[in-house]
2 protein chains.
Amino acid sequence: MSLPTYVRLVEVGPRDGLQNEAQPISVTDKVQLVDALTAAGLGYIEVGSFVSPKWVPQMAGSAEVFAQIQRKPDVVYGALAPNLRGFEDAIAAGVKEVAVFAAASEAFSQRNINCSISESLARFVPIMEAAKQHGVTVRGYVSCVLGCPYEGNVAPEQVALVARELYAMGCYEVSLGDTIGTGTAGATRKMFDVVSADVPREKLAGHFHDTYGQAMANIYASLLEGIAVFDSSIAGLGGCPYAKGASGNVATEDVVYLLNGLGIETGIDLDALILAGRQISTVLGRPSGSRVAKARSAQ
Amino acid sequence: MSLPTYVRLVEVGPRDGLQNEAQPISVTDKVQLVDALTAAGLGYIEVGSFVSPKWVPQMAGSAEVFAQIQRKPDVVYGALAPNLRGFEDAIAAGVKEVAVFAAASEAFSQRNINCSISESLARFVPIMEAAKQHGVTVRGYVSCVLGCPYEGNVAPEQVALVARELYAMGCYEVSLGDTIGTGTAGATRKMFDVVSADVPREKLAGHFHDTYGQAMANIYASLLEGIAVFDSSIAGLGGCPYAKGASGNVATEDVVYLLNGLGIETGIDLDALILAGRQISTVLGRPSGSRVAKARSAQ
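Heads up: these notes are all about the structure in this document. (Residues numbered from 1 in each chain as written. Chains lettered and ligands numbered in written order. Predicted model: local features only at pLDDT ≥ 70, side-chain atom pairs only at ≥ 80, totals over all residues. Heavy atoms only, no water.)

This part takes up the overall build of chain A. Scanning chain A from terminus to terminus reveals 12 helices and eight strands. Its C-alpha atoms give chain A a radius of gyration of 18 Å, near enough to 19 Å, the size a compact globule of 299 residues would have. In terms of principal-axis extent, the alpha carbons of chain A reach across some 50 × 45 × 35 Å. Among the 299 residues that make up chain A, the fraction classed as buried is 59%. A separation threshold of at least 6 residues defines the contact pool for chain A, and within that pool the share at least 24 residues apart is 74%. Taking the 23 positively charged and 30 negatively charged side chains of chain A as two groups, their mean positions are separated by 2 Å. (Helix = DSSP H or I, 4+ residues; strand = E, 2+ residues; numbered from the N terminus. Rg over C-alpha atoms; globule rule 2.2 N^0.38 Å. Buried < 20%, exposed > 50% of the residue type's maximum accessible area, 1.4 Å probe, protein only. Contact = heavy atoms within 4.5 Å. Lys, Arg positive; Asp, Glu negative; His and termini not counted. Charge placed at Lys NZ, Arg CZ, Asp CG, Glu CD.)

Next comes the structure, spelled out in structure tokens:
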């Protein structure tokens, strides 16, 4: 067993998190959140999404957020750009890194983004070309890698196929997401084992949801597979434990606590992180989804 | 890596769980809980504690609970017996298995049971002798194995010392408890590694609290160390996620979900388990602490 010595966390709270909160929050509060995350030492913050506010009202104002955040050199401020229109808006907002989003399940792709997996991949080609021209880096997401709400099991080979395509078209990293949180540690290891035959392990990230309480075990299992990049969400944003159908993003604080315990470097200050989580939880008017934050506030 | 093929779960909800709930519940509700757990296929249920109701009012009526439960052959119905008086009460109630409780931390022992570690071990000697005479089996607990609220770090060698004493005096199994939930996966593995030099791995159990979100990762880490017995608490009883200073017992449902995913046999029916958890959560008037139960009820 050889664990990575350094892990990079991709903070998805301001985008994947807030996008799944019932209540849209103001540009000012988003900017404060991103700045607090920067101060805590995060190296990658997914700030927003360039998508029609008609579809995702929570992400309205992403351009304003990008204009107002205090950028720190060496920190990547990413945005989701689901299509060329979104990509152009992102560029206009000064975005230097975008993410594209595909599914490992055909049924989920159809219902979530209204097209087949191969159609979604084809749509990314002009984005990849435009990104190259603008010197913008592109990260790829694959959802439903350990299960689909419509199809049930998803074969690791199917995940590998989509991940390979994204990598081949120029995504420098592919994040594999257990969107519905049904995966367990053994399936996680097997999935990374299969996918890494097609995409180098150091180009893969894990994205886990704690809906069934498995996220932390899955992250530990991934570390044992040599995976050293994980997506996580401050205060577990997007995964309100009190709501039905909670998406259950794993809380950044809890992941940092695990990594600290394992002696793995992250460059993140846990106390500052907890503070950032407390601020946004106050804005949302609900308790943090982070167990570490809860335990600390009980002390 | 070779995971166990079968894991035995020790259900501590009716004792360790309810003991830490603010609100005492009736004998009838306790009996219904134990019977529902029996129906779900648990092989070991810690039913109550024979301790002065002055100190632990939640455990009053343990003798009545033992008298009223529907016992199934091959299921062990255990009780905590902290001293000879408690042991005699347990015997009178028809108990066939008792548990004794020591700490790996001197400060915790002093504050929790008002004596040193060695004094606590000395108190168990007459219990062990009486148990032998009555054909009663004894399980040992060690608390604070990965950290103490007063002393901070606890050395694995200190845990080994206490576990070895309990094993040597006749405990057939020693459960090692991360009482405050601060342990992480690496420390868990190291602790089992050190202790198993003194007590065979198949005589050790893991008892994890999810206070810092680490319980599931720690259980997976323990499985990788060949540990095949775990304590857990239905609906996360005793670890109310909304209360300050939550003790954070890991939820049996979430552990069974993990083990099912790993293809490890438990003999437990997850649906029946979720039902048992739902019943007791209704009695307590609060949401279940199990993420699996929450996710299932959101479907």
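Still more to cover.
Mapping chain A onto chain B leaves a residual RMSD of 0.0 Å; the transformation is a rotation of 180° accompanied by 0.0 Å of translation along its axis. Here the symmetry operator amounts to a two-fold rotation axis. In terms of C-alpha distance to the rotation axis, chain A has Ala217 of chain A as its closest residue, with the C-alpha 1.9 Å off the axis. (Least-squares fit on C-alpha atoms with pLDDT ≥ 70 in both.)

Turning next to the packing of helix H10 (residues 252-261) of chain B against helix H11 (residues 270-284) of chain B. Residues and elements named next belong to chain B. Between H10 and H11, whose axes approach to 10 Å, the crossing angle comes to 170°. For the element pair H10 / H11, the angle class is roughly antiparallel. Here H10 and H11 pass one another in a crossing that is left-handed. In this structure, H10 uses Thr252, Glu253, Val256, Tyr257 and Asn260 to contact H11, whose residues at the interface are Leu270, Leu273, Ile274 and Gly277. (Axes fitted to C-alpha atoms, helices over the stretch in contact; angles between N-to-C directions. Parallel < 35°, antiparallel > 145°, perpendicular 65-115°, else oblique. Left-handed = near helix turned anticlockwise from the far one by under 90°.)

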